[in-house]
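Commentary on secondary and tertiary structure
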Amino acid sequence: MIVKLKTDITVRQICDGFVYNELEGKGLFGLSGKLTIQPEYQRNYIYAHDGGKKEMAVIGSVLKGYPIGLIHFNKISDENLEVLDGQQRITSLGRFLTDKFAIKDENENMQYFSGMSKDKQRKILETRLTIYECEGEESEIKEWFKTINIPSVPLNNQETLNAIYSGAFVTLAKSEFSNSQNTNIQKWSAYIKGSANRQEFLERALDWVSKGNIDDYMSAHRHDKNINELKRYFNSVIDWISGVFSDVKSEMRGLKWGELYETYHKKSYNPEKVSAEVQKLYADPYITNRRGIFEYVLGGSIDTKLLEIRVFDEAIKKSVYITQSANSKKKGKSNCPLCAIGHDANKNKIWSFNEMDADHVSAWSKGGKSNIKNCQMLCKTHNRAKGNR
Ligand SMILES: [Zn+2]
């Protein structure tokens, strides 16, 4: 790989012919068309997020004469260069020069490039950037890209995989799952956390179809000319969720829907009954983990551990312990009612508070409440045995 250091290229030259594609959220070209700013394997432009603080900071640095860091180009031919590292900074410069955003001046006024004084404009346009231009095999370049790419907003896992497996498949997959203009995104957001720009819908789609082996799946499908399987599987999961659960609750976002689909999609559910059950559980003050409600219902309303039912507080437990132990001592029997009716050495054992756990006399699932009337203390062994039934 050949690497050349260039220090004579100005912001004016870099941004010559700059075009920003709103739809894809990408800066496209520079250097009079010779430079591709965001090649396929680069992530979308994200410096405009967060109120644009990052892109404003780039312009602020240039105006103050601070360096904005090294930029790396990949030289494909004499007429064709790609930005390997620095695409977010270059896109910030290009967007500013084309009046896509304003910065605050020293008097806190918003100022667009076209409204700036000539000397300030010149200062920006004539700033020289420090650029490494490298030339080599695709594999070498990609390997190197992985090494140098430690930007201030690190690439997340899916962005890195998109870079490594760039090709027809990733391009098609991104146009479906990473396109913030896709009208399905609102529907998907009910069940999936994240944003299209940061590749989180794509990541989920790949995770589901690959049963968690995203890397292998991308490698195997890298040169596919379609994403039919990926789309079909993703839509099956989404349609299944919305078919079973007619309610959309915020706790549904980010659940392991791929796994739930695999486990339960062959069972049949009555959406009306499911909805009534969900509503009832949402109204139950003893459930402390609402995110567990969906898996609980899918599994036939058996595994109450998923719901993290509210337990008795310490004051109730201590009070019950004291009454129970005093009565037992009088009778000469164990303070664990289940030990007391047994025939082994524990039948008259008085357990200490720490050797016992609280138990619902009438189970939560049968309408039992977590109040003092429904509380009994059992030795740990008996409590565990009862819990497992
Ligand atoms: Zn016991």
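Residues numbered from 1 in each chain as written. Predicted model: local features only at pLDDT ≥ 70, side-chain atom pairs only at ≥ 80, totals over all residues.

This paragraph deals with the overall build of the chain. Broken down by element type, the chain carries 17 helices and 12 strands. In terms of overall size, the chain is more extended than a compact globule, its C-alpha atoms giving a radius of gyration of 31 Å where 389 residues would be expected to give roughly 21 Å. Seen through its C-alpha atoms, the chain measures out along the principal axes to roughly 95 × 50 × 40 Å. Each of the 389 residues in the chain was classed as buried or not, and the buried ones make up 28%. (Helix = DSSP H or I, 4+ residues; strand = E, 2+ residues; numbered from the N terminus. Rg over C-alpha atoms; globule rule 2.2 N^0.38 Å. Buried ≥ 20, exposed ≤ 12 C-beta atoms within 10 Å, placed from the backbone.)

Next up on the list: the sheet that holds strand β7 (residues 80–85). The strand order β1-β10-β6-β7-β5-β4 describes an open sheet built from 6 strands, whose pairing is mixed. Every other strand in the sheet has two partners, leaving β1 (2–6) and β4 (29–30) as the edge strands with one partner each. Bridge count for β1 against strand β10 (residues 131–135) is 5 bridges, and the pairing is antiparallel. Each residue of the ladder has a partner; that of Lys 6, found in β10, is Ile 131. (Pairing = 2+ DSSP bridges.)

The next point concerns helix α3 (residues 87–97). What sets the pattern is the α-helix's 3.6 residues per turn: residues three or four places apart point alike. Taken across its 11 residues, α3 has 11 buried, putting it largely inside the fold. Among all positions in α3, only Gln 87, Gln 88, Arg 89, Ile 90, Thr 91, Ser 92, Leu 93, Gly 94, Arg 95, Phe 96 and Leu 97 are buried. Positive backbone phi, approximately 60 degrees, marks Asp 99, located one or two places after α3.

For Leu 70, the location among the structural elements is in the loop between α2 (53–64) and β6 (71–77). Remark: the alpha-carbon pair of Leu 70 and Tyr 132, spanning 62 residues in sequence, is separated by 7.4 Å. What Leu 70 contacts, discounting residues up to four positions off in sequence, is Thr 130 and Tyr 132. (Contact = placed C-beta atoms within 7 Å.)

This part is about the pairing of strand β12 (residues 375–379). Of all the 5 residues making up β12, 4 are buried; the element is thus mostly covered by neighbouring parts of the structure. Of the pairings in the sheet, the one linking strand β11 (residues 356–360) to β12 comprises 5 bridges and is antiparallel in character. Among the inter-strand pairings, His 360 is bridged to a residue of β12, identified as Cys 375.

Don't take any of this as a statement about function, it's just geometry.
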